[in-house]
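Structural features, examined
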Amino acid sequence: QQPVQSPQAVILREGEDAVINCSSSKALYSVHWYRQKHGEAPVFLMILLKGGEQKGHEKISASFNEKKQQSSLYLTASQLSYSGTYFCGTESLGPGGGNKLTFGTGTQLKVEL
Amino acid sequence: NAGVTQTPKFRILKIGQSMTLQCTQDMNHNYMYWYRQDPGMGLKLIYYSVGAGITDKGEVPNGYNVSRSTTEDFPLRLELAAPSQTSVYFCASSYPGYRDNSPLHFGNGTRLTVT
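Residues numbered from 1 in each chain as written. Chains lettered and ligands numbered in written order. Predicted model: local features only at pLDDT ≥ 70, side-chain atom pairs only at ≥ 80, totals over all residues. Heavy atoms only, no water.

1. Considering the environment of glycine 53 of chain B
All names here are of chain B. Definition in use: Only DSSP runs of H or I with at least four residues qualify as helices, and only runs of E with at least two residues qualify as strands; both kinds are numbered from the N terminus onward. Burial classes follow relative accessibility: with a 1.4 Å probe on protein chains only, a residue under 20% of its type's maximum area counts as buried, one over 50% as exposed, and anything between as partly exposed.
Of note, glycine 53 is situated in the loop between strand E5 (43-51) and strand E6 (54-57). With a relative accessible area of 65%, glycine 53 lands in the exposed category. Each C-alpha atom of the pair glycine 53 and serine 69 lies 5.6 Å from the other, and the pair is 16 residues apart in sequence.

Next up, the structure:
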């Protein structure tokens, strides 16, 4: 089942912060985050493997709450280059999981001057 | 080091025609995947492979076939193309798979239109 992302779209002024959420109805083993610019392929941002783990990539970080089956992506002091569509991909535990990454429908982020 | 290479970049098919989307990677990755992305939507897994000679279905396999005779190549075959197969197709690879902290490396995609 497809993870749910929120919000669907967000517009920021340069320098503002944003949070993108990813929620699954299944128990999760891992969460991947990717960013896709228009007309391009998705580009890897980070993977979170353990419950409660937080990772960072420049001014972009993420957390993974295993109990709540949720992950959040935090974009701090946004830059124009952060614009794009952000996807979470979830890998579920148990039958039907494993080796099958299920992507959410994406969050469109636009950063303006 | 080219990464994941997909050909063609664009293709227009008529209903009922067949074609093969090519994908090759030079990173010696064991795992390869085919996703489709409809406008404004996320990526849906069509087929994947954990190594040469081994393939398995993803979420939306109907109307497609794959083969994996070498580590490098993972072609996707469309038989009897239908308008519902109009989409952007992405091939990806990883080493070895999701569970080992391995990100997906995507090709640049093939934009397919079926009319």
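On we go.
2. Focus: the interface of chain A and chain B
Our working definition: Note on contacts: a residue pair is in contact if any heavy atoms of the two residues lie within 4.5 Å. Here the quantity called buried area is the accessible surface, traced with a 1.4 Å probe, that two parts lose on coming together, added over both. By the criterion applied in these results, polar contacts are pairs of N or O atoms within 3.5 Å in which, for protein atoms, one can donate a hydrogen and the other can accept it, and in which residues neighboring in sequence qualify only through two side-chain atoms. Under the scheme applied here, ten amino acids are nonpolar (Ala, Val, Leu, Ile, Met, Phe, Trp, Tyr, Cys and Pro), four are charged (Asp, Glu, Lys and Arg), and all others, including Gly, are polar.
Opposite the 23 residues of chain A that make contact, chain B presents 23 residues. Of the roughly 2000 Å² buried between chain A and chain B, counting both surfaces, carbon and sulfur atoms make up 58%. Connecting chain A to chain B are two residue pairs in polar contact (both at pLDDT 80 or more). Going through the elements one at a time, strand E4 (28-36), strand E5 (43-48), strand E9 (84-92) and strand E10 (101-103) of chain A are the ones with two or more residues in the side of chain A that touches chain B. When residues in the side of chain A that touches chain B are grouped by element, the largest group, four residues, is from E4 of chain A. Classifying every residue of the side of chain A that touches chain B gives 10 nonpolar, nine polar and four charged.

3. Notes on unusual backbone geometry
Of note, the amide linkage connecting serine 6 of chain A to proline 7 of chain A takes the cis form, showing an omega dihedral of -5 degrees. Summarising the element assignment, proline 7 of chain A is placed in the loop between strand E1 (4-6) and strand E2 (9-13). At the junction of threonine 7 of chain B and proline 8 of chain B, the peptide bond is cis and its omega measures out at -5 degrees in the coordinates. Assignment of secondary structure puts proline 8 of chain B in the loop between strand E1 (4-7) and strand E2 (10-13). Not every positive phi belongs to a glycine, and asparagine 28 of chain B is a case in point at roughly 60 degrees. Looking at the element boundaries, asparagine 28 of chain B is found in the loop between strand E3 (19-25) and strand E4 (31-37). At leucine 80 of chain B, a position not held by glycine, the phi torsion is positive, near 55 degrees. Within the fold, leucine 80 of chain B resides in the loop between strand E8 (76-78) and strand E9 (87-94).

The analysis is restricted to geometry; functional conclusions fall outside its scope.
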